[in-house]
Amino acid sequence: VCALMDLGFRINLTSIERNGKCREVLSQLFPDVVHYHSHDTTRVGSDLRGMSFDLMVETGPCVSFSRLAGSSAKGFQDTRADATVSACDLKRDLLRVNPQMSFLAENTVFPLHLAEDFDRLQDMYRVRKGGIFKHNAATTGEGASRPRVYAADFVDRSLIPMVEPVPSSILLSRGAAPVD
């Protein structure tokens, strides 16, 4: 959003965010932000579903799908995934109002045992053009590995310049050695 503003776009931002601290930060960055009253994508009414938006960004909680949980990650069986399901339902409704609305979504790379859940997510994230792709921030210059799944109908993944990941040793204190 900041990059769009830097390019001169006027942004009218509506946010649905459960976390109060995240809402505070967003309000600091964008004082005119409208925080949807329920603060919950699982409780969005017809008032929002009937509005026209140019861009929807979906960044639901990824804990249900995280590889950090290992084999105990529950995917869509975890109620915390309901926010993502509801956001994608909202996307469907908003596209009825504005069929030209763009969509950007971000989630974590799923563990192998949640392959069926990942297939379901891809279906929910389906975009008109562009596509669904995996991307790791380390390949665009970040100092840490952050593998993610993105869906975007306005990004050509092939045009994103890739670089070799930053060696972890560069982030260590002088004299420290990486542990294998």
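Thresholds, definitions, all that
- Residues numbered from 1 in each chain as written.
- Predicted model: local features only at pLDDT ≥ 70, side-chain atom pairs only at ≥ 80, totals over all residues.
- Heavy atoms only, no water.
- Helix = DSSP H or I, 4+ residues; strand = E, 2+ residues; numbered from the N terminus.
- Buried < 20%, exposed > 50% of the residue type's maximum accessible area, 1.4 Å probe, protein only.
- Contact = heavy atoms within 4.5 Å.
- Areas by Shrake-Rupley, 256 points an atom, 1.4 Å probe, with all protein chains shown as cover.
- Salt bridge = Lys/Arg side-chain N within 4 Å of Asp/Glu carboxyl O.
- Arc of directions from axis to C-beta.
- Pairing = 2+ DSSP bridges.
- Axes fitted to C-alpha atoms, helices over the stretch in contact; angles between N-to-C directions.

A. Region of interest: the overall build of the protein. Secondary structure summary: the protein contains five helices and six strands in total. Element order for the protein, N to C, with α for helix and β for strand: α-β-α-β-α-β-α-β-α-β-β. With respect to the principal axes defined by its C-alpha atoms, the protein has extents near 60 × 40 × 35 Å. For the protein, the proportion of its 180 residues judged to be buried stands at 35%. Counted over contacts in the protein with a minimum sequence separation of 6, partners at least 24 positions apart contribute 59%. Surface accessibility of the protein: about 11600 Å² in total, with carbon and sulfur atoms responsible for 54%.

B. Region of the structure containing the pattern of salt bridges. A full pass over the atoms with the stated rule returns 10 salt bridges. In this structure, R18 and D40 form a salt bridge, with 3.0 Å as the shortest nitrogen-oxygen distance. Here the residue R18 occupies a position in the loop between β1 (14-15) and α2 (20-29), and D40 occupies one in the loop between β2 (34-35) and α3 (46-49), the gap between them amounting to 22 residues. Judged by its relative accessible area of 49%, R18 falls in the partly exposed class. Assessed through its relative accessible area of 11%, D40 is described here as buried. The closest approach of N and O atoms between R96 and D93, which form a salt bridge, is 2.9 Å. In this pair, R96 and D93 are both assigned in helix α4 (residues 82-97), three residues apart and thus about one turn of the helix distant. Of the residues examined, D93 reaches a relative accessible area of 14% and is grouped as buried. Counted as one network, the salt bridges with shared partners bring together R49, D89, R92, D93 and R96.

C. Expanded view of helix α5 (residues 115-125). Every buried residue of α5 is accounted for by D117, F118, L121, M124 and Y125. All buried residues of α5 project into a common sector of 120 degrees when viewed along the axis, lining one side. Looking at the buried positions of α5, the neighbouring elements they touch are β3 (55-58), α4, β4 (102-108), β5 (131-136) and β6 (147-152).

D. Region of interest: the sheet that holds β5. In space, the four strands of this open sheet follow the order β3-β4-β6-β5, with mixed pairing throughout. Each having just a single partner strand, β3 and β5 make up the two edges of the open sheet. Averaged over all adjacent pairs, the angle separating strand axes in this sheet is 15 degrees, with direction ignored. Two strands pair when backbone bridges link them, and β4 and β6 are joined in this way by five bridges, in the antiparallel orientation. By the bridge assignment, T108 is partnered in β6 with R148. On top of the sheet, α5 reaches β3, β4, β5 and β6; it is set at about 160 degrees to β4, its chief contact.

E. Summary view of unusual backbone geometry. A positive phi angle, close to 55 degrees, is found at H39, a residue other than glycine. Of note, H39 is situated in the loop between β2 and α3. Using a relative accessible area of 23% as the deciding quantity, one classes H39 as partly exposed.

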